[in-house]
Amino acid sequence: MNIRFMISMGVAIIGLAVGFYLLNDIQQEKTSEITQKSLDLALHESNQRLSIVKDEFYNGKYNGELSKEEVIKIINDEVKTQKNILEQYKALPKDKKTDKTIDMRFFQLGKYYWAGEDSMLQTLKKSP
């Protein structure tokens, strides 16, 4: 066999191996570990999305630019998202729950939080 061919094949195989290694490394970075702070950030982002419609409720009525159906969808989606975040938080081991402020926020979320959203949904469903 030609020596140039053998060298080029060797370089190609090494290049493929390095490429697969880097691809695997990038994939592992994307699937980062779920932490107390990452769940708190996800909850905060969900609350920001919800505030778009919550801020437009005055005197028990929605006065925003979005349609009634869009508002109902946003509220339902964000409540579902927050329930999922809460379940992930509950699944965290106790030694990962070191920030008591975040811990209290999730405790309150499970006890009281969706009462306001349920009230808004009821108001929207009753409105013309």
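Conventions used here
- Residues numbered from 1 in each chain as written.
- Predicted model: local features only at pLDDT ≥ 70, side-chain atom pairs only at ≥ 80, totals over all residues.
- Heavy atoms only, no water.
- Helix = DSSP H or I, 4+ residues; strand = E, 2+ residues; numbered from the N terminus.
- Buried < 20%, exposed > 50% of the residue type's maximum accessible area, 1.4 Å probe, protein only.
- Areas by Shrake-Rupley, 256 points an atom, 1.4 Å probe, with all protein chains shown as cover.
- Contact = heavy atoms within 4.5 Å.
- Phe/Tyr/Trp six-rings, centres within 6.5 Å; stacked < 30°, edge-to-face > 60°.
- Lys NZ or Arg CZ within 6 Å of the ring centre and 35° of its normal.
- Salt bridge = Lys/Arg side-chain N within 4 Å of Asp/Glu carboxyl O.
- Expected span 1.5 Å × (residues − 1).
- Arc of directions from axis to C-beta.
- Axes fitted to C-alpha atoms, helices over the stretch in contact; angles between N-to-C directions.
- Parallel < 35°, antiparallel > 145°, perpendicular 65-115°, else oblique.
- Left-handed = near helix turned anticlockwise from the far one by under 90°.
- Nonpolar A, V, L, I, M, F, W, Y, C, P; charged D, E, K, R; others polar.

(A) Structural detail: the overall build of the protein chain. The number of helices and strands found in the protein chain is 5 helices and 2 strands. Listing every helix and strand of the protein chain by position from the N terminus yields α-α-β-β-α-α-α. For the protein chain, with 128 residues in total, the buried portion stands at 23%. Counting every atom, the protein chain has about 9700 Å² of accessible surface; 58% of that belongs to carbon and sulfur.

(B) Region of the structure containing the side chain of Glu78. Mapping Glu78 onto the fold places it in helix H3 (residues 68-91). A residue is classified by how much of its surface remains accessible, and Glu78, at 8% relative accessible area, is buried. Once residues within four sequence positions are removed from consideration, Glu78 is found in contact with Ser46, Arg49 and Leu50.

(C) Inspection of the packing of aromatic side chains at higher detail. Summed over all chains, the structure comprises 1 aromatic pair. Between Tyr89 and Phe106, the ring centres sit 4.0 Å apart and the planes meet at 5°, which makes this aromatic pair stacked. Here the residue Tyr89 occupies a position in helix H3, and Phe106 occupies one in helix H4 (residues 100-111), the gap between them amounting to 17 residues. Under the relative-accessibility criterion, Phe106 is labelled buried at 2%. When the ring centre of Trp114 is taken as reference, the NZ or CZ atom of Lys83 above it lies at 5.6 Å.

(D) How the structure looks around the pattern of salt bridges. For the coordinates displayed, the defined rule picks out 5 salt bridges. Salt-bridge contacts for Lys90 lead to Glu87; the nearest nitrogen and oxygen are separated by 3.8 Å. Note that Lys90 and Glu87 are positioned in helix H3 at a spacing of 3 residues, about one turn of the helix.

(E) Layout of helix H5 (residues 114-126). Its 13 residues give H5 an end-to-end C-alpha distance of 18 Å, which sits within 8% of 18 Å, the value for a rise of 1.5 Å per residue. Within H5 the residues assigned to the buried category are Trp114, Glu117, Met120, Leu121 and Leu124. For H5, the arc enclosing every buried residue in end-on projection is 115°, short of the 170-degree limit, so these residues lie on one face. Away from its buried face, by an angle of more than 90 degrees, H5 presents the exposed residues Ala115 and Lys126. For H5, the secondary structure elements touched by its buried residues are helix H2 (36-54), strand S1 (57-58), strand S2 (61-62), H3 and H4.

(F) Region of interest: the packing of H2 against H3. Here H2 crosses H3 at 165°, and the two axes come no closer than 10 Å. The orientation of H2 relative to H3 falls into the category roughly antiparallel. The crossing of H2 and H3 is left-handed. The segment H2 lies against H3, with Gln36, Leu39, Ala42, Leu43, Ser46, Asn47, Arg49, Leu50 and Val53 engaging Val71, Ile74, Ile75, Glu78, Thr81, Gln82, Ile85, Gln88 and Tyr89. Considering only residue class, the contact of H2 with H3 consists of 10 nonpolar, 6 polar and 2 charged.

(G) Representation of H2. With 19 residues, H2 extends 26 Å from end C-alpha to end C-alpha; this agrees with the ideal 27 Å at 1.5 Å per step. Residues of H2 that are buried in the fold lie against S1, S2, H3, H4 and H5.

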